[in-house]
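Chain residues, written in single-letter form:
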Amino acid sequence: MLLRPHLLACTLAALCVGTSATAADTYPSKPVKVMVALPAGGSADMLARVISQELGTKLGQSFVVENKAGGSGQIGMPQVARATPDGYTLTVSPASFLTTNKSIFKQLAYDPQADFQPIARLVNQPMVLVVKDKARFPSVAAVVTQARAAPGLLTYASSGDGSPQHLGALMFSTRTQSEMLHVPYKGGANAINDTLAGNVDMLFAVLPEALPHIQSGKLQALGVMSPQRSPLLPQVATMAESGFADLQLSAWVGLLAPAKTPPAVVAQLNQAVRSVLQGPARDKLLASGMEPAPSSPEELQATIASDLKLHAELVKAAGLQPQ
């Protein structure tokens, strides 16, 4: 017997809804891999491990972090993009891999918008300018003065091309009309270590990576790139208070899956993330310098789109040519 067109359409729709519901009812039925395209030890890695542990407890299945560092995300991110879109491969990604990379690489091995399904923004991370030698760099203004006097002589570290640290320095240089030399490393931990050793002059750090060293006195914080002072560093002025009102940048981190992951699985993970970030993990992240900021998938998609434009403008203003 042939089904009439409208009956066939209804039947297919019911099957799709049923498939989506089944995915949510049974997910997760096996361990979930959480890819971090950065080395272990950085703030994104730490966040991934906290979130994975909490999601595993909440959803009754292991969430296993796997580090695939290198190429400013171009090793790990394509693997996630090509993974089966069933919810069993996720990534905890810094904003830069989904935004800045599009502007600094001639060829990107993945499409930040087409290849991924956003699940939720996890946290915002304030940026802070830190130095080893405060006698040489007593203030933000002193850094600007020296950078202008000797273009390209001062050095700053980052966790790689297009990283939040790199973007923070680009914003600083373009908006203060100064020039400094970029020294990229593989990961935030390595960038911090060489700043601690005095091998580079400064670092525009994500707060979680720099906070322990600021609190111990090994690094000196000159200013935070946020609208208000950090409650963890109340003694450190904002860039605006230091006379540079247009230096504001936050490094968010998100949870994403491959494109075409079932909507029911995406919704289930989003709900679980929201719950986790309202529990004990919230205080742990706040104490480390991260600000929990869960979003809907649609909100994260919109943030990626808007930041792609902003970061492209910063890269262009800095005169950087795609590699």
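Anything mentioned here points back to the structure above.
Computed from a predicted model, the values in this text were never measured in an experiment.

A. Looking closely at the overall build of the protein. Looking only at helices and strands, the protein features 12 helices and 10 strands. Counting only C-alpha atoms, the protein reaches 85 × 40 × 30 Å along its principal axes. Within the protein, the fraction of its 323 residues that count as buried is 53%. Sequence-distant contacts, at least 24 apart, represent 79% of the contacts inside the protein between residues at least 6 apart. When the accessible area of the protein is evaluated, it comes to approximately 14,100 Å², of which 54% is carbon and sulfur surface. Separation between the mean location of the 24 positive side-chain charges and that of the 21 negative ones in the protein comes to 3 Å.

B. Expanded view of the packing of aromatic side chains. Overall, the coordinates contain 4 aromatic pairs when judged by the stated rule. Each ring, one from Tyr110 and one from Phe116, has its centre 5.8 Å from the other, and the planes form 80°; the classification is edge-to-face. Tyr110 sits in the buried class, given a relative accessible area of 4%.

C. Summary view of the nonpolar core. With 48 residues, the main nonpolar core has Leu47, Phe63, Leu90, Val92 and Leu122 as its most contacted residues. In terms of residues, this core owes the most to one element, helix α2 (residues 43-59), which gives 7 residues. Here Leu90 is in contact with Tyr27, Val32, Lys33, Val34, Met35, Phe63, Val80, Ile119, Leu255, Leu256, Ala257 and Leu269, once residues within four sequence places are set aside. Within the second largest apolar cluster, 30 residues are counted, among which are Phe105, Leu167, Ala169 and Leu170.

D. Summary view of the pairing of strand β7 (residues 202-206). Across the 5 residues that make up β7, a large majority, 5, are buried. Burial along β7 is two-sided: Met202, Phe204 and Val206 and Leu203 and Ala205, pointing in opposite directions, are all buried. When strand β4 (residues 116-131) meets β7, the two strands line up antiparallel, connected through 5 bridges. Counted as the bridge partner of Val130 is Leu203 from β7. The pairing of strand β5 (residues 155-158) with β7 spans 2 bridges and is parallel. Note that in β7 the partner of Ala157 across the bridge is Leu203.

E. Quick look at the pairing of strand β1 (residues 32-36). Extensive coverage of β1 is indicated by the burial of 4 of its 5 residues. Inspection of the sheet shows β1 paired to strand β2 (residues 63-67) by 5 bridges, in the parallel sense. Paired with Val36 across the bridge in β2 is Asn67. In this fold, β1 hands off to α2, which returns the chain to β2; that crossover is right-handed.

F. Representation of the layout of surface pockets. Volume-wise, the largest pocket comes out at about 320 Å³. Taken together, 17 residues form the lining of the largest pocket, with Tyr156, Leu170, Met180, Ala318 and Leu320 sitting closest to its centre. No other element matches the 4 residues that helix α7 (residues 164-176) contributes to the lining of the largest pocket. Of the residues in the lining of the largest pocket, the class split is 8 nonpolar, 7 polar and 2 charged.

G. Quick peek at the environment of Ala109. Turning to its location among the elements, Ala109 is positioned in the loop between α5 (101-104) and β4. Ala109 gets classed as partly exposed once you look at its relative accessible area, which sits at 45%. With 28 residues separating them along the chain, Ala109 and Ala81 place their C-alpha atoms 9.3 Å apart. Apart from residues lying up to four places away in sequence, Ala109 is in contact with Gln74 and Pro78.

Basis of the calculations
Residues numbered from 1 in each chain as written. Predicted model: local features only at pLDDT ≥ 70, side-chain atom pairs only at ≥ 80, totals over all residues. Heavy atoms only, no water. Helix = DSSP H or I, 4+ residues; strand = E, 2+ residues; numbered from the N terminus. Buried < 20%, exposed > 50% of the residue type's maximum accessible area, 1.4 Å probe, protein only. Contact = heavy atoms within 4.5 Å. Areas by Shrake-Rupley, 256 points an atom, 1.4 Å probe, with all protein chains shown as cover. Lys, Arg positive; Asp, Glu negative; His and termini not counted. Charge placed at Lys NZ, Arg CZ, Asp CG, Glu CD. Phe/Tyr/Trp six-rings, centres within 6.5 Å; stacked < 30°, edge-to-face > 60°. Core = buried A, V, L, I, M, F, W, Y, C linked by side-chain atoms within 4.5 Å. Pairing = 2+ DSSP bridges. Right-handed = clockwise from strand over helix to strand, strands pointing away. 1 Å grid on protein atoms, 1.4 Å probe; cavity = no way out; pocket = protein on both sides within 12 Å on 5 of 7 lines; lining within 4 Å. Points joined across faces, edges and corners; volume = space filled by probe spheres on them. Nonpolar A, V, L, I, M, F, W, Y, C, P; charged D, E, K, R; others polar.

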